[in-house]
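Tertiary structure, described
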Amino acid sequence: MIKQAIIPLAGLGTRLLPLTSVFPKELLPINGKPGIEYILDECIDAGIKEVIFIISNKKKMIKTYFYNDNFYKKIIKKKKDKRIKNEYKKILRYKKMIKFVYQNKPLGTGDAVLKTKKFIKDNFFLMLLPDDLIIKKNCSKSMIKIHKKYNASVMASMNVRKNNVSRWGIYKLKNKINKNNYLISDVIEKPSVKKAPSNKAVIGRYILPREIFSKLLTQKPGKGGEIHITDAIQTLIQNNKKFIAHNFSGKYLDCGSMSGYIKSTLKIARS
Ligand code: G1P
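This report concerns the structure included in the present document. Here the structure is a predicted model, which means the values were calculated and not measured. (Residues numbered from 1 in each chain as written. Predicted model: local features only at pLDDT ≥ 70, side-chain atom pairs only at ≥ 80, totals over all residues. Heavy atoms only, no water.)

1. Structural notes on a nonpolar patch on the surface
Nonpolar side chains collect at one region of the surface, where Val22, Phe23 and Met61 lie side by side and expose about 280 Å² of accessible area between them. Counting through the fold element by element, phenylalanine 23 comes out in the loop between strand 1 (4-8) and strand 2 (29-30). (Patch = residues over 30% accessible without salt bridge, like charges linked within 9 Å, V, L, I, M, F, W, Y side chains within 5 Å. Areas by Shrake-Rupley, 256 points an atom, 1.4 Å probe, with all protein chains shown as cover. Salt bridge = Lys/Arg side-chain N within 4 Å of Asp/Glu carboxyl O. Helix = DSSP H or I, 4+ residues; strand = E, 2+ residues; numbered from the N terminus.)

Right, dumping it as structure tokens:
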């Protein structure tokens, strides 16, 4: 069973400036609800019991958001507002399942994952990248089903435009398992159009094996001088670890860019 999830939240969110100059992007409301709550709800609905947030000193506001129960208590005492009471209960529920670790230097997603090493108890865990919202169908839940069936690592995947491959981790297909699931033979972080093995991109949902930590310990910085989870995954694949790409059926919303963030509010409001 996959019981633990990790969420890297230490990114600076520069693509969303000025909104992120004082405010963490994950707390920005999308149709009246902070982006991070969509991610947490996906986790809860997928059966996750514990979530590890990787934050930084600059993003402590995220912790404050989930630790503000005294404020709620005072308000509820004065005002018997049912909606606020329900929000309070929801926040308490989230708080109970979240642990915090710190990544104060932006050294990449791989480095962020490494910070959670001592908290991961099982052989596999889930990672969600908070910029990637997937609505209409719970992607994590579908991936957990695939993981159980094949006892393999799983990554969410989607076809992207050929001229846009350098924005993503791109993988090469080994063989097709069935309509929406493929075995991966290689994965490359943000390749040029020339070097890309396909137009199949990795989207921010991963079921990773615990062995990833030992690979990350010796992982050299890659693209842009950062330690990428994609590079550690490639090392595992070369060591014959099974990685499956799952073409999810939900709707993908890129909340990490300004145009994507605006669109996601509209799409969720209409859904
Ligand atoms: C990260 C990963 C990349 C993946 C993408 C999905 O990139 O490094 O492989 O395709 O998420 O959103 P980032 O969005 O952090 O640049």
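And the narrative resumes.
2. As for the packing of helix 1 (residues 35-45) against helix 4 (residues 82-97)
Their axes nearest at 12 Å, the elements helix 1 and helix 4 cross at an angle of 70 degrees. Our classification of the angle between helix 1 and helix 4 gives roughly perpendicular. Two packed elements cross with a definite hand, and for helix 1 against helix 4 that hand is left-handed. Mapping the contact onto sequence places Glu37, Leu40, Asp41 and Ile44 in helix 1 and Lys90, Ile91, Arg93, Tyr94 and Met97 in helix 4. Of the residues in the contact of helix 1 with helix 4, the class split is five nonpolar, no polar and four charged. (Axes fitted to C-alpha atoms, helices over the stretch in contact; angles between N-to-C directions. Parallel < 35°, antiparallel > 145°, perpendicular 65-115°, else oblique. Left-handed = near helix turned anticlockwise from the far one by under 90°. Contact = heavy atoms within 4.5 Å. Nonpolar A, V, L, I, M, F, W, Y, C, P; charged D, E, K, R; others polar.)

3. Re the side chain of histidine 147
Along the chain, histidine 147 turns up in helix 6 (residues 139-150). Among the residues examined, histidine 147 registers a relative accessible area of 7% and is labelled buried. (Buried < 20%, exposed > 50% of the residue type's maximum accessible area, 1.4 Å probe, protein only.)

4. Digging into the site of the ligand
In the vicinity of the ligand, the contacting residues are Leu129, Asp132, Arg167, Trp168, Gly169, Glu189, Lys190, Val202, Gly204, Tyr206 and Thr230. In the model, an oxygen atom of the ligand is placed 3.4 Å from a nitrogen or oxygen of the threonine 230 side chain. Compared with its free state, where it exposes 380 Å², the ligand has 83% of that area covered by protein. Among the detected pockets, the ligand sits in the largest pocket. A per-element tally of the shell around the ligand places strand 11 (residues 200-209) first, with three residues. Counted by class, the shell around the ligand contains four nonpolar, three polar and four charged residues. (Near = heavy atom within 4 Å. Polar contact = N/O pair within 3.5 Å; in protein donor to acceptor, adjacent residues only side chain to side chain. 1 Å grid on protein atoms, 1.4 Å probe; cavity = no way out; pocket = protein on both sides within 12 Å on 5 of 7 lines; lining within 4 Å. Sits in = over half its atoms within 2 Å of the grid points.)

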